[in-house]
Amino acid sequence: MLRRRLNRLFGGDEKRVDSRTIYVGNRPCPATETFIPPKFCDNRIVSSKYTIWNFLPKNLFEQFRRIANFYFLIIFLVQVIVDTPTSPVTSGLPLFFVITVTAIKQGYEDWLRHKADSEVNKYPVRVLEDGQPARKDSEKIKVGDIVEVVEDETFPCDLILLQSSRDDDTCFVTTASLDGESNHKTHYTVPDMEKDLQSLSATIECEQPQPDLYKFVGRMHIYKPEHDPAVRSLGPENLLLKGATLKNTKKIYGVAVYTGMETKMALNYQGKSQKRSAVEKSINAFLLVYLCILISKAVVCTTLKYVWQSQDGQDEPWYNQKTEKEKGTILYVKMFTDFLSFMVLFNFIIPVSMYVTVEMQKFLGSFFITWDRDFFDPEIEEGALVNTSDLNEELGQVEYVFTDKTGTLTQNNMEFIECCIDGFQYTAFSSELDSFCVTDGPVSTFQEKAGREKEELFLRALCLCHTVQVKEAGPDELGGDQVDGPASEPLRPAEQRGFIASSPDEVALVKGAMRYGFTFLGLESKTMKIKNWQNDVEEYELLHVLNFDPVRRRMSVIVRSKSGDTLLFCKGADSSIFPRVRPEEVERIRMHVQRSATEGYRTLCVAYKRLSVDEYAAADAGLREARLALQDREEKLMAVYNQVETAMSLIGATAVEDRLQEEAAQTMEALQGAGMKVWVLTGDKMETAKSTCYACRLFRRSTELLELTVRTLESGGRRREEMLHDLLFDFHRKAVQDAPPARAGVNRSWSSANPEYGFIVDGAALALVMNPSPDTNCSRYRSLFLQICQNCTAVLCCRMAPLQKAQIVKMVKNSKGSPITLSIGDGANDVSMILEAHVGIGVKGKEGRQAVRNSDYAIPKLKHLRKLLLAHGHLYYIRIAHLVQYFFYKNLCFILPQFLYQFFCGCSQQPLYDAAYLTMYNICFTSMPILAYSLLEQQIAIEVLLDNATLYRDIAKNAMLRWGPFLYWTVLAVFQGLIFFFGVKYLFSNPALQDNGQVFGNWSYGTIVFTVLVFTVTLKLALDTRHWTWINHFVIWGSLAFYVVFSFFWGGIIWPFLKQQRLYFVFFNMLSSVSAWLVIILLIVLSLLPDILLGVLRKPRGPHTQQLSKESLLYVDRYGNGARRFPLAVTCSWRHSG
């Protein structure tokens, strides 16, 4: 990016405009007096982040940008510089461990990126040099080189197609690695291109690199001796993208236009905005509290130290005279130094190792989602995918679910159901009435059927107005990817004929026409062939394709028949077609379109127009001129499209069924039962989407629907703004002001006594709400709209553009309370709302994989969302919430006795624990049990969670990380810290603790406190564990055993690298005292007593407690002991599939 900006500043003419000039073959053109090769970037792909030289400084800089790491670095430097009571090793070693583990992880990930880059950059390619193919590495391709690519190879850079081995000058590619679409796409060579590329003299003028995969604007100037340069239009159909694969074409030649990091594939690899979970925000808040506690302790101890030293004889006792350097030190400098020393002494209250544990818990925990066999779909042979493990716990906090309709709630598996021709409905196949069966009575009483001519015209429109490709099963493969070639057999049996297209709707319509006797045979050299009822082959010359556009919501083709007639066929949404046909024709079709939409079918209207010679000439000239434009090409094409697609004749309409996804209704019902608000955001028409909402049980027959659409805004005969104002206030009075307040924990949709409201809004009405006229109150309208939506059981937003979907999500996300939002979709039009929501879910559907690539999690089917949220999300949140609270708890237990000890040692900064214990407490002694707990714990069985969706509400709104639970854990830590310290102090009131009469010293005191501490916090976790596996047993009892063994070895051997060994034989002497044994056991039991009594005496709370206990008993009766049945860690998440 920096290179590109510098080039724009200091480059030539090419950099001063939004276009670039490329010399084909890097050869000068005859019209060019001097040839100066323009400078473009090379073809190297760099996705890695580090190099050998910058890894260490860059990685360290990034890691120390984290507040916790930087804090511990400062503490370490203070220990090195200032004379502190503890060794720099106590904070340096944990910090080194955290930094090293993170650096190794990031370095390994970057090494994998380097390896992948090298494979791509060193891939051998063939480039034409002086007319002969030469092999070179892919990274050495330059802009302007002519590259040869053979079948099944991927394109090494973005190429303009110059020549193809196919006779029709086309080639077929798949773009699965770019957008996930596995169907074949047709690309075309530059028209009238010379066969001899060695003698080709041409330049290409095109736009600067930009990331839109489906947009390209350019033109090619072809120079010939003694002729004016010929100009050819270049568009997306001529551009072969890097990463796409050549199919069903033996060989192509293309000229490189974008290379390396300027290819569209590379430009699309932009980092997504960082999403932070609510748990991270809670951690930061708790961290500030503990930082305040730390500073307060240091201030108190520093103050008390100087108060104590102010007494006579305490500042400089006879046995500890000050040196001359100490006497010359300024008082305030000495006080600040002492303050830093106390900060170092108490700094372990800040749990730096918690960050590593949280990262490991998220990373390892994400594998349970990918390994869950319930998420495996046998149709696509894929399971769930985790793209972002940082949001696992956020799955348990979702309050709003925004879902797409087509492909998410429905299967996106289209089936032609019926059609309407000239007011007559045709539904079932029949040998009578020219292959049609009339089921509805005629709208007009003057005829009994639409007429043969209209029927044939309608079916011809279905066979011609599309971009479908024919795929036939070859002799060696059935249902393979073979595409019709020029020599293919034109009249294959229909059952062996397959179709591929970018949209399932188009395939359904072509198959519907074939079902009724008109068969599309394929496109060959700009000639479309169809077989009619009489088995005669009709040929039409394809003149122009007016591509589908989500703004126009229609597509057209211009064809010429053998008789010389020029016809325009158009199909699209009713809202797009009706204004462009004669009004008297609309009424004959409108009622059938509305009825089909009400029944949940997707409808399209079909129209046609005969173009006169003058009309076609004007349209042809306009289209060619617009396609040659470099600036505003889309706008100019749109103007021509709108001009030619007028005054059409309406033929009829089609109805295609898109069936519901498996268990879609049960999934939506479970989500609503869990307290989530479900909003459907779709670009489909209102009637179809409303029918789908009823089928999914989002709307019920008792639900009163509040409709804010163009129809309701225009029904009053007043201005839209006035109607919008009145409707919003009326709906607000109904749904918000007059509605009784919902009881805590009960969703209104589940309370039969309260009215249920459903809200329906369309894109045009939403545009008025979000962007009203200047004389209206924008924020007031948004506030009313949002309040209405939030008080409805479900919201349907239809006719939504992708940007409007993102606006809806953003509006809810930024509303009062900052609710956690989740968006789920399967198509490219859902990417914006997936990226906008806190959690984005992609469905591996039939509209490509753009949604999957941009999502945080991907699942094969909508039904898997239920388990992902209600089971995995619930458990992940409970686990990580317990992990965070437990870390703060055990560190406060650890450091509180150290603070209390200062009151008994004159605030002299004397440490209570040995340096080895300070260093290894968080790293070794207490780290593994909580990690295992945070990965394996199941306080409630998965079956119970799935059967009782209301359990999800117990953890809503970050319930376990609020200030109430945090205060409970803090008070518990203070209580246990006081027990540890004063219990051992009481033991030391007896001076003779050993049989030989010797007394314990201060290191024995600290060791006993530390022993009680380690056993108590570990056994506290054991008491909290509900789901025991062999891993839990191993890490809990293994950690305690490791502490004992380590203490024996650390104090039982004289280590040569230690200058002083404070714990030599201290642990042995401690265990030789019966009193010490008794006190350790008593203090552990006394510390855990509140937890034990609380667990025994506390009555279960919540409206579903009785039901939950019954479910748990049924679960135990059915499966026996869960821990025995599922002893392995990875099995505990798969009980449904076990």
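The structure presented is a predicted model; accordingly, all values stated were derived computationally and were not measured. (Residues numbered from 1 in each chain as written. Predicted model: local features only at pLDDT ≥ 70, side-chain atom pairs only at ≥ 80, totals over all residues. Heavy atoms only, no water.)

Engineer: Can you walk me through the packing of aromatic side chains in this structure?
Structural biologist: A ring pair, where both rings are aromatic, is described by two values, the distance of the centres and the angle of the planes. By the definition in use, this model includes 47 aromatic pairs. Centroid distance Y50 to F55: 5.1 Å. Interplanar angle 85°. Geometry classified as edge-to-face. Taking relative accessible area as the criterion, Y50 reaches 3% and is therefore assigned buried. Judged by its relative accessible area of 24%, F55 falls in the partly exposed class. Note on F888 and F966: the rings are 6.4 Å apart at their centroids and 85° apart in plane angle, and the pair reads as edge-to-face. (Phe/Tyr/Trp six-rings, centres within 6.5 Å; stacked < 30°, edge-to-face > 60°. Buried < 20%, exposed > 50% of the residue type's maximum accessible area, 1.4 Å probe, protein only.)

Engineer: For this particular structure, what's the right way to read a nonpolar patch on the surface?
Structural biologist: A contiguous nonpolar surface patch, about 550 Å² in accessible area, is contributed by V300, L304, F903, F904, V974, L978 and F982. For the nonpolar patch, the secondary-structure elements that each account for two or more residues are α8 (278-309) and α32 (963-987). By residue number, the principal contributor to the nonpolar patch is α32, which donates three residues. With respect to the helices, strands and loops of the structure, V300 is situated in helix α8. (Patch = residues over 30% accessible without salt bridge, like charges linked within 9 Å, V, L, I, M, F, W, Y side chains within 5 Å. Areas by Shrake-Rupley, 256 points an atom, 1.4 Å probe, with all protein chains shown as cover. Salt bridge = Lys/Arg side-chain N within 4 Å of Asp/Glu carboxyl O. Helix = DSSP H or I, 4+ residues; strand = E, 2+ residues; numbered from the N terminus.)

Engineer: Looking at this structure, I do not really get the nonpolar core. What am I missing?
Structural biologist: Side chains of nonpolar character tend, in soluble globular proteins, to be buried together. Of all hydrophobic cores here, the largest spans 95 residues; its most connected members are V884, Y913, F1010 and L1013. Take this core: its biggest share by element is 18 residues, from helix α28 (residues 864-901). Aside from chain neighbours lying at most four places away, what touches F1010 is F894, Y913, Y917, Y921, F925 and Y1043. The next biggest cluster of nonpolar side chains, apart from the first, holds 55 residues, and it includes L391, M676, L862 and L951. (Core = buried A, V, L, I, M, F, W, Y, C linked by side-chain atoms within 4.5 Å. Contact = heavy atoms within 4.5 Å.)

Engineer: I tried to follow the pairing of strand β30 (residues 794-798) on my own but got confused; where do I start?
Structural biologist: Walk down a regular strand and you will see the side chains alternate between the two sheet faces. β30 sits mainly inside the fold: five of its five residues count as buried. Burial along β30 is two-sided: the residues A794, L796 and C798 and V795 and C797 are all buried. In this structure, strand β27 (residues 677-681) lies alongside β30, joined through four bridges in parallel fashion. Across the sheet, residue L681 finds its bridge partner in β30, namely C797. Bridge analysis of strand β29 (residues 757-762) against β30 gives five bridges, and the strand direction is parallel. Paired with D762 across the two strands is C798, which belongs to β30. (Pairing = 2+ DSSP bridges.)

Engineer: I'm lost on a negative patch on the surface in this one. Help?
Structural biologist: A surface patch of negative charge is lined by D212, D632, E634 and E635. In this structure, E635 sits in helix α18 (residues 633-644). (Lys, Arg positive; Asp, Glu negative; His and termini not counted. Charge placed at Lys NZ, Arg CZ, Asp CG, Glu CD.)

Engineer: Could you clarify how one ought to interpret the pairing of strand β24 (residues 566-572) in this entry?
Structural biologist: In terms of burial, β24 is a largely internal element, seven of the seven residues being buried. Judged by which residues are buried, β24 turns out to be covered on both faces: T566, L568, C570 and G572 on one side and L567, F569 and K571 on the other are all buried. Between strand β23 (residues 554-561) and the antiparallel strand that follows it, β24, lie four residues; G564 among them carries a positive phi value of about 95°. Bridging between β24 and strand β25 (residues 601-611) involves seven bridges; their strand directions are antiparallel. Bridge pairing links L568 to K609 in β25.

Engineer: Could you clarify how one ought to interpret the sheet that holds strand β14 (residues 385-386) in this entry?
Structural biologist: Read across the sheet, nine strands follow the order β14-β33-β32-β31-β15-β27-β30-β29-β28 without closing on themselves; strand pairing throughout is mixed. One side of each edge strand has no neighbouring strand; the edge strands of this open sheet are β14 and β28 (704-708). Packed on one face of the sheet, helix α25 (residues 802-813) meets β15 (400-403), β27, β30 and β31 (821-825) and runs near 160° to β27. (Axes fitted to C-alpha atoms, helices over the stretch in contact; angles between N-to-C directions.)

Engineer: Is there a simple way to explain helix α19 (residues 664-673) in this structure?
Structural biologist: Since the α-helix turns once every 3.6 residues, residues separated by three or four places project in the same direction. In terms of residue burial, α19 counts as a mostly covered element, since eight of its ten residues are buried. Considered for burial, the residues of α19 that qualify are A664, A665, T667, M668, A670, L671, Q672 and G673. Just downstream of α19 lies G675, where phi reads positive at about 90°.

Engineer: Explain the confidence of the model for the chain to me, please; I cannot follow it from the model alone.
Structural biologist: Close reading of the predicted structure is inappropriate where its pLDDT is low. Chain-level pLDDT for the chain is 78 on average; 80% of the residues reach the 70-or-more range. Segment residues 743-753: pLDDT under 50, and 23 contacts once partners within four positions in sequence are set aside and those in other chains are kept. (pLDDT = per-residue confidence, 0-100.)

Engineer: Quick question: what am I supposed to make of the packing of α19 against α28 here?
Structural biologist: Packed helix pairs are characterised by how far apart their axes lie and by the angle those axes make with each other. The interhelical angle for the contact between α19 and α28, taken along N-to-C directions, is 20°, at an axis separation of 9 Å. Of the possible angle classes, the one that applies to α19 and α28 is roughly parallel. As α19 runs across α28, the sense of the crossing is left-handed. Taking contact as the criterion, the partners of T667, A670 and L671 in α19 are, on α28, L865, R866, L869 and L870. Grouping the amino acids of the contact of α19 with α28 by side-chain chemistry returns five nonpolar, one polar and one charged. (Parallel < 35°, antiparallel > 145°, perpendicular 65-115°, else oblique. Left-handed = near helix turned anticlockwise from the far one by under 90°. Nonpolar A, V, L, I, M, F, W, Y, C, P; charged D, E, K, R; others polar.)

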